[in-house]
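Topology and contacts: notes
Spelled out from the first residue to the last, the chains are:
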Amino acid sequence: MNDPQQRWTETIESHHSLFRLNLNEVWQYRDLVLMFVKRDFVSSFKQTVLGPLWFFINPILTTIVFTLVFGGIANLPTDGIPPILFYLAGNTLWGYFSTTMLSVSNVFAGNAGVFGKVYFPRLVTPISTIISSFMRLGIQLVLFWIVLIYYISKDEVHPNSWAFFFPVLIIFLALFSLGLGMIFSSLTTKYRDLSLLLGFGVSLFMWFTPVILPTSLVKQKLGSYGFLADLNPLTPIFECFKYGFIGSGDFNFVRLMFSFAFIIVVLLSGIVIFNKSEKSFIDTV
């Protein structure tokens, strides 16, 4: 008689490597990923009048406010970049990073009811968040490119070949969001205070990223401590994006490679912490 274990098509085990991503199993649940993506998209604009138009309205309003306040009233420099284009580029990338990271950080707490009733690879939820955020980013990039083409036609900006590198930048931006999000998602299951501070921390982190202030101005204000501006792993990504599409920015390839290496470390740390927490989070959430 055959081993009874062989009659099962799938075996769920509690013990596995902390570095295990189990992407094969995630692929088997791809329909569930798509369902979560649809849920996130629909729930974002449920009972709204303008619906997906908010994808355009949010960055437009934010860019206008930044242009009037920081470019007009405060008269902050933008490295020779037209202020609207400078702030729109920063808001497009920052909006993707902050939204994705905060959404992933809420994976355990936001889906505790589902996780406690049925089994599926827990990695499905953060991956679906990354994909749904990609959809929003794609729409906002279209808006950015429309404005960019306008300034190119006026010969005020000069893109270069680094613009073709932007898919790699977006991928690493997504990986950084995923890694940080998984770390905070695991920590907030035990320390609820952290979830209350996370939103404020992300808002504060924006001031250390070239969204409002150009890196050159930050280094100038810091003086001999200007190198601290380069410790932010997002800075080289934002500067490369602006340098490629706009032709201006404090871009350095070596710093970009260090940023990529740091993001990989954060992602691996997030995977380990996430895999360790998913075994017992349902008891503490």
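Use the structure listed above.
Below is a short write-up of the structure. Quantities reported herein were computed from a predicted structural model and do not represent experimental measurements.

Remarks on the pattern of salt bridges
Taken as a whole and assessed by the stated rule, the structure comprises two salt bridges. Notably, a salt bridge pairs Lys154 with Glu156, separated by 3.3 Å at the nearest N-O pair. Residue Lys154 is classed as partly exposed on the basis of its relative accessible area, which comes to 42%. Arg255 is the salt-bridge partner of Asp250, the closest N and O atoms lying 3.5 Å from each other. Asp250 gets classed as partly exposed once you look at its relative accessible area, which sits at 24%.

Comments concerning the packing of helix α4 (residues 83–105) against helix α8 (residues 166–188)
Interaxial distance between α4 and α8 falls to 7 Å at its minimum, and their mutual angle equals 30°. Regarding the angle of α4 to α8, the classification is roughly parallel. The way α4 lies across α8 gives a crossing that is right-handed. Contacts between α4 and α8 involve Leu93, Tyr96, Phe97, Thr100, Met101, Val104 and Ser105 from the first element and Ile170, Leu173, Ala174, Phe176, Ser177, Leu178, Leu180, Gly181, Met182, Phe184, Ser185 and Thr188 from the second. Classifying every residue of the contact of α4 with α8 by side-chain character gives 13 nonpolar, six polar and no charged.

Observations regarding the environment of Thr209
Assignment of secondary structure puts Thr209 in the loop between α9 (192–205) and α10 (215–222). Here Thr209 falls in the buried class, since its relative accessible area comes to 2%. Once the C-alpha coordinates of Thr209 and Glu239 are considered, the two residues, 30 residues apart in sequence, prove to be 9.7 Å apart. Dropping the residues within four chain positions of it, Thr209 is found in contact with Trp94, Asn232, Leu234 and Phe238. Within polar-contact distance, the side chain of Thr209 engages the side chain of Asn232 at 2.8 Å.

Examining helix α7 (residues 124–153)
Compared with the 44 Å implied by 1.5 Å per residue over 30 residues, the 43 Å span of α7 between its first and last C-alpha is a close match. The first or second residue beyond α7 is Asp155, which carries a positive phi of 60°.

Remarks on the packing of α8 against helix α11 (residues 234–246)
Running from N to C, α8 and α11 cross one another at 155°; their axes reach a closest spacing of 10 Å. Judged on the interaxial angle alone, α11 and α8 are roughly antiparallel. Note on packing geometry: the crossing formed by α8 with α11 is left-handed. For the pair α8 and α11, the contacting residues are Phe166, Leu169, Phe172, Leu173 and Phe176 in the first and Leu234, Ile237, Phe238, Cys240, Phe241 and Phe245 in the second. Its residues placed into classes, the contact of α8 with α11 shows eleven nonpolar, no polar and no charged.

Basis of the calculations
- Residues numbered from 1 in each chain as written.
- Predicted model: local features only at pLDDT ≥ 70, side-chain atom pairs only at ≥ 80, totals over all residues.
- Heavy atoms only, no water.
- Salt bridge = Lys/Arg side-chain N within 4 Å of Asp/Glu carboxyl O.
- Buried < 20%, exposed > 50% of the residue type's maximum accessible area, 1.4 Å probe, protein only.
- Axes fitted to C-alpha atoms, helices over the stretch in contact; angles between N-to-C directions.
- Helix = DSSP H or I, 4+ residues; strand = E, 2+ residues; numbered from the N terminus.
- Parallel < 35°, antiparallel > 145°, perpendicular 65-115°, else oblique.
- Left-handed = near helix turned anticlockwise from the far one by under 90°.
- Contact = heavy atoms within 4.5 Å.
- Nonpolar A, V, L, I, M, F, W, Y, C, P; charged D, E, K, R; others polar.
- Polar contact = N/O pair within 3.5 Å; in protein donor to acceptor, adjacent residues only side chain to side chain.
- Expected span 1.5 Å × (residues − 1).

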